[in-house]
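Okay, here's what each chain looks like letter by letter:
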There are 2 protein chains.
Amino acid sequence: MANIQQVAEKAGVSVATVSRVLNHAASVSTKTRLKVEDAIKELNYEPSMLGRNLRNSESRLLLVLLPSISNPFYTEIINGIQNTAIANSYNILLCETDSNPQRENIYFNMIKNKLADGVISMDPTVNRQKLTELAESHPVILCSEYDEGGSIPFVTIDSELAAYQAVKHLIRLGNKKIALINSDEKFLYARQRRSGYERALKEFNLPIREEWIYHTRDLEFQNGVQAMRMLLELEEKPTAIFAVSDTLAIGALKGINGSGLHVPNDLAIIGFDNISFSNMTNPTLTTVSQPMYKMGVTAANMLIMSIKGEQVESVVLDHDLIIRESTMG
Amino acid sequence: MANIQQVAEKAGVSVATVSRVLNHAASVSTKTRLKVEDAIKELNYEPSMLGRNLRNSESRLLLVLLPSISNPFYTEIINGIQNTAIANSYNILLCETDSNPQRENIYFNMIKNKLADGVISMDPTVNRQKLTELAESHPVILCSEYDEGGSIPFVTIDSELAAYQAVKHLIRLGNKKIALINSDEKFLYARQRRSGYERALKEFNLPIREEWIYHTRDLEFQNGVQAMRMLLELEEKPTAIFAVSDTLAIGALKGINGSGLHVPNDLAIIGFDNISFSNMTNPTLTTVSQPMYKMGVTAANMLIMSIKGEQVESVVLDHDLIIRESTMG
DNA sequence: AATCATTTTGTAATCGATTACAAATTGCTG
DNA sequence: CAGCAATTTGTAATCGATTACAAAATGATT
């Protein structure tokens, strides 16, 4: 791989001139520009990002932190981020943290070391303290999960309201015994969705029963299967389920199918996220749709503004309740 | 962010000594080492990857190219890659190419520019010519999809054999009319799986009928639904389906369920990949299991060896047929 | 205390780019 | 063609690390 020095020699000019050609500086005569361009082509030269970044302190790379790529929820968000990034001549690097602090550290260092210009974090398990610290000197945006009262700009939806509306939909269908399959309430969205769930129940004077609230360890299908198994063993079984993610809801659906009961006739079920698979289940899954692509676009735009040094405001986007077969009993 | 210069000043030593401490060189006296370590802590210093990489021509970063993160097939492979990388103090960056040559280029440049030390490509649509060119001077490993007769080391399974066995299983169950839902045959795996399908049919003297072979554009669920819709409109309908990916098979399952037919009683179905969803469908899906985690581990090990300058040989791993409800008619 | 071997530290070049400033070239005018 | 302004090009410092080599410090031996 040739370097700028060799190009300069071949073209019979100085490295400064080559650099000017590379950066489309106006002050290069057509004649020398052509000479340099020929040399570049002949040597198959491409400028080193490393040298350039070191000098410029900019990489035009954006980091996207996510806990696990196995959750299809992130797919569309990433598309939105990527398209927006590319439109602004940035590129993205996906970083799977596996909720592992050591890995987080590595990626944080990439930011500190100017290997990347900014970061969008979608990892709810990320170390808040460290992220806040990083955000003091580097551009950081939170996407989907955020910090109440924190200082980092975020883009998200109103989880509480979405949960409230979902549960209200179940109540309107005549359900009085509604279970919640929640994830760990260390996550803000989990607390908010529980709160929306309870608000709806209260509004219709339905009791909030602890045994109908199940907390899963992760968001894998298997956790949903497990949750449903527990709920079906109760003396007083629920007639409807609200799960805080589609993966859990699909697991629950599986659990119900396995027990001989029927969805939606015996049990109605609502998920959250509208992942592509939620439309492939039998029956198809009623779910809350987050504007994932738009979230990605918004987060990327906010980050790019932030890199430019502009102030950015947090954004709350709209959601939709997508009614499908699993609540058409 | 402090630099090595400031640490040296604070500790009252030269930058060389600081660098030696950072790299655990033996020739530093305990006294000065402690001084330097104190200074590092006090200044909250972390070495710049940029400066270091520029000098060392090594980044300890591995690139993983994949066409789309929405395909769950890649999830486990990536886990294998990541764990292996970390065990060897490498890190990985996930690069979604979207089968877009421009994006590919960007990531190829990262390699050329020493922003990353090597690349594992899982993208069957990647530009072979360019990749081969890159592989002449940089470590490259192909994972899953590969090049027949190419020079780049790969890790994969025997797709032809797997398809042959899957179709033979359908034949043994008494099926005589077996359809193939294939993807675009520009992909090697698609040609191989078709070939295995045909070998099984021939062996049992069953006719190969073009109208029972459907080619999809992509591997999305929706493509499977569409394929099934076409197959069910045929005058002579198949009694069994072999789909070259679980996503297609799940889509097909959906298409069958929607038509009032029953799996496995009316139609048996086999997928390919054993993605986590395949166990969540109703009925659960019989499928060919690729040793995805192991593929990831193997590919990463091969790449790391290759970076070290060692010669590596291509590997073909074993697969399994996982028999579930969709073929238990 | 002088000598020499060994250990420890420092100096300065290097990686590949960018850019302020200086220097050279060009073009124009009288 | 001298003189000056405008344009074009080159020189050298810079970003932040590593490391060959030189220099200094330490310790052992006589």
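Thresholds, definitions, all that
- Residues numbered from 1 in each chain as written.
- Chains lettered and ligands numbered in written order.
- Predicted model: local features only at pLDDT ≥ 70, side-chain atom pairs only at ≥ 80, totals over all residues.
- Heavy atoms only, no water.
- Salt bridge = Lys/Arg side-chain N within 4 Å of Asp/Glu carboxyl O.
- Helix = DSSP H or I, 4+ residues; strand = E, 2+ residues; numbered from the N terminus.
- Buried < 20%, exposed > 50% of the residue type's maximum accessible area, 1.4 Å probe, protein only.
- Core = buried A, V, L, I, M, F, W, Y, C linked by side-chain atoms within 4.5 Å.
- Contact = heavy atoms within 4.5 Å.
- Near = heavy atom within 4 Å.
- Polar contact = N/O pair within 3.5 Å; in protein donor to acceptor, adjacent residues only side chain to side chain.
- Nonpolar A, V, L, I, M, F, W, Y, C, P; charged D, E, K, R; others polar.
- Pairing = 2+ DSSP bridges.
- Axes fitted to C-alpha atoms, helices over the stretch in contact; angles between N-to-C directions.
- Phe/Tyr/Trp six-rings, centres within 6.5 Å; stacked < 30°, edge-to-face > 60°.
- Parallel < 35°, antiparallel > 145°, perpendicular 65-115°, else oblique.
- Left-handed = near helix turned anticlockwise from the far one by under 90°.
- Arc of directions from axis to C-beta.
- Least-squares fit on C-alpha atoms with pLDDT ≥ 70 in both.

K.L.:
An account of the pattern of salt bridges is needed here, citing residue identities and associated values.
P.N.:
Within this structure, the stated rule accounts for 28 salt bridges over all chains. Glu 46 of chain A serves as the salt-bridge partner of Lys 112 of chain B, at 3.0 Å between the closest nitrogen and oxygen. Here Lys 112 of chain B, found in helix H6 (residues 101-112), pairs with Glu 46 of chain A, found in the loop between helix H3 (30-43) and helix H4 (49-56), and the two come from separate chains. Judged by relative accessible area, which is 25%, Lys 112 of chain B ranks as partly exposed. In this structure, Arg 209 of chain A and Glu 211 of chain A form a salt bridge, with 2.5 Å as the shortest nitrogen-oxygen distance. Given a relative accessible area of 37%, Glu 211 of chain A falls into the partly exposed group. Connected through shared salt-bridge partners, Lys 177, Arg 209, Glu 211 and Glu 236 of chain A make up one network.

K.L.:
Before we move on, can you summarise the nonpolar core with the specific residues and values?
P.N.:
Ile 120, Met 122 and Phe 242 of chain A together with Ile 120, Met 122 and Phe 242 of chain B are the most contacted members of the largest nonpolar core, which has 154 residues in total. Ignoring anything within four residues of it in the chain, the contact list for Met 122 of chain A reads Val 64, Leu 65, Leu 66, Pro 67, Tyr 74, Ile 77, Ile 78 and Cys 143 of chain A. One finds Phe 108 and Leu 188 of chain A together with Leu 93 and Cys 95 of chain B within the second-largest nonpolar core, a separate group that totals 44 residues.

K.L.:
Give a detailed account of the protein's contact with DNA strand D, specifying residues and quantitative values.
P.N.:
Around DNA strand D, the surrounding shell holds 27 residues, and the nearest of these are Arg 20 and Arg 55 of chain A together with Ile 4, Ser 19 and Ser 48 of chain B. Put simply, 62% of the atoms of DNA strand D that lie within 4 Å of the protein are in sugar or phosphate. One of the backbone N or O atoms of Ile 4 of chain B is found 2.4 Å from a phosphate oxygen in DNA strand D. Note that a sugar or linking oxygen of DNA strand D is positioned 3.4 Å from one of the side-chain N or O atoms of Asn 56 of chain B. Mapped onto the surface near DNA strand D, the elements with two or more residues apiece are helix H2 (15-22) and H4 of chain A together with helix H2 (15-22) and helix H4 (49-56) of chain B. For the surface near DNA strand D, the element with the most residues is H4 of chain B, which contributes five residues. Grouping the constituent residues of the surface near DNA strand D by class yields nine nonpolar, 12 polar and six charged.

K.L.:
Now, about the interface of chain A and chain B: what can you tell me, with residues and values included?
P.N.:
Across the contact, 51 residues belong to chain A and 48 residues belong to chain B. At the boundary of chain A and chain B, one finds two salt bridges. Secondary-structure elements contributing two or more residues to the side of chain A that touches chain B are H4, helix H5 (73-87), strand E2 (91-96), helix H6 (101-112), helix H10 (221-232) and helix H11 (246-258) of chain A. Looking at the side of chain A that touches chain B, its residues break down into 24 nonpolar, 19 polar and eight charged.

K.L.:
If you had to explain the sheet that holds strand E6 (residues 178-182) of chain B to someone new, which residues and values would you point to?
P.N.:
Residues and elements named next belong to chain B. Judged by pairing direction, the sheet is mixed, and its six strands sit side by side in the order E7-E6-E8-E9-E10-E12 without closing on themselves. Since the sheet does not close on itself, it has two edges, and those belong to strand E7 (213-215) and strand E12 (320-322), each with one partner. When the angles between neighbouring strand axes are averaged without regard to direction, this sheet yields 15°. In this sheet, strand E9 (residues 268-272) lies alongside strand E8 (residues 240-243) in parallel orientation, the contact comprising three bridges.

K.L.:
Can you tell me about the packing of aromatic side chains, naming the residues and giving the values?
P.N.:
Going through the model one piece at a time under the given rule, you end up with 12 aromatic pairs over all chains. Ring centres of Phe 221 of chain A and Phe 277 of chain B lie 4.7 Å apart, and the angle between their planes is 55°; this geometry places the pair in the tilted category. Taken together, the residues Phe 221 of chain A in helix H10 and Phe 277 of chain B in the loop between E9 and strand E10 (286-289) connect one chain to another. Across this residue pair, the class does not change: Phe 221 of chain A and Phe 277 of chain B are buried. These aromatic residues form a ring-pair network of at least three members: Phe 221 and Phe 277 of chain A together with Phe 221 and Phe 277 of chain B.

K.L.:
Can you lay out the packing of H6 of chain B against helix H7 (residues 128-137) of chain B for me, pointing to particular residues and giving the numbers?
P.N.:
Residue and element names in this part refer to chain B. In the contact formed by H6 and H7, the axes pass within 11 Å of each other and the chain directions differ by 5°. Here H7 runs roughly parallel to H6, going by the angle between their axes. Where H6 abuts H7, its residues Asn 105, Phe 108, Ile 111 and Lys 112 lie against Lys 130, Leu 131 and Leu 134. When its residues are assigned to classes, the contact of H6 with H7 shows four nonpolar, one polar and two charged.

K.L.:
Please provide a residue-by-residue account of the packing of H10 of chain A against H11 of chain A, values included.
P.N.:
Residue and element names in this part refer to chain A. The interhelical angle for the contact between H10 and H11, taken along N-to-C directions, is 50°, at an axis separation of 6 Å. Of the possible angle classes, the one that applies to H10 and H11 is oblique. Two packed elements cross with a definite hand, and for H10 against H11 that hand is right-handed. Here Phe 221, Asn 223, Gly 224, Val 225, Met 228 and Leu 232 of H10 lie close against H11, whose contacting residues are Thr 247, Leu 248, Ile 250, Gly 251, Ala 252, Lys 254, Gly 255 and Ile 256.

K.L.:
Please set out the protein's contact with DNA strand C residue by residue, giving values where relevant.
P.N.:
Taken together, 28 residues sit near DNA strand C, with Ile 4, Ser 19 and Ser 48 of chain A together with Arg 20 and Arg 55 of chain B positioned nearest. Close to the protein, within 4 Å, the atoms of DNA strand C are drawn from sugar and phosphate at a rate of 62%. Note that a phosphate oxygen of DNA strand C is positioned 2.3 Å from one of the backbone N or O atoms of Ile 4 of chain A. Thr 17 of chain B places a polar side-chain atom, nitrogen or oxygen, 2.8 Å from a phosphate oxygen of DNA strand C.

K.L.:
Explain helix H1 (residues 4-11) of chain B to me, and be specific about the residues and the numbers.
P.N.:
Residues and elements named next belong to chain B. Along H1, the residues classified as buried are Val 7, Ala 8 and Ala 11. Take H1 and look down its axis: the buried residues cluster within an arc of 100°, on one side only. Just past H1, the residue Gly 12 takes up positive phi, approximately 70°.

K.L.:
Go over the side chain of Thr 32 of chain B with me, naming the residues and quoting the values.
P.N.:
Residue and element names in this part refer to chain B. With respect to the element layout, Thr 32 can be found in helix H3 (residues 30-43). For Thr 32, a relative accessible area of 18% corresponds to the buried category. Here the side chain of Thr 32 touches Ser 29 through a polar contact of 2.8 Å, side chain to side chain.

K.L.:
Which residues make up the relation of the copies chain A and chain B, and what values go with them?
P.N.:
It takes a turn of 180° to lay chain A on chain B, together with a shift of 0.0 Å along the axis; the resulting RMSD is 0.1 Å. In the structure described here, the two chain copies are related by an operation that fits a two-fold rotation axis. In terms of proximity to the rotation axis, the leading residue of chain A is Leu 94 of chain A, whose C-alpha is 2.5 Å off the axis. Counting the interface residues of chain A, we find that 94% of their copies in chain B are interface residues as well, pointing to one common contact surface.

K.L.:
Lay out the sheet that holds strand E9 (residues 268-272) of chain A with the relevant residues and their values.
P.N.:
Residue and element names in this part refer to chain A. Judged by pairing direction, the sheet is mixed, and its six strands sit side by side in the order E7-E6-E8-E9-E10-E12 without closing on themselves. The outermost strands of the open sheet, each flanked by one partner alone, are strand E7 (213-215) and strand E12 (320-322). Sheet twist, expressed as the average angle between the axes of neighbouring strands with direction ignored, equals 15°. Contacts between helix H8 (residues 159-172) and the sheet are confined to strand E6 (178-182), strand E8 (240-243), E9, strand E10 (286-289) and E12, with E9 contributing the most and set at about 165° to the helix.

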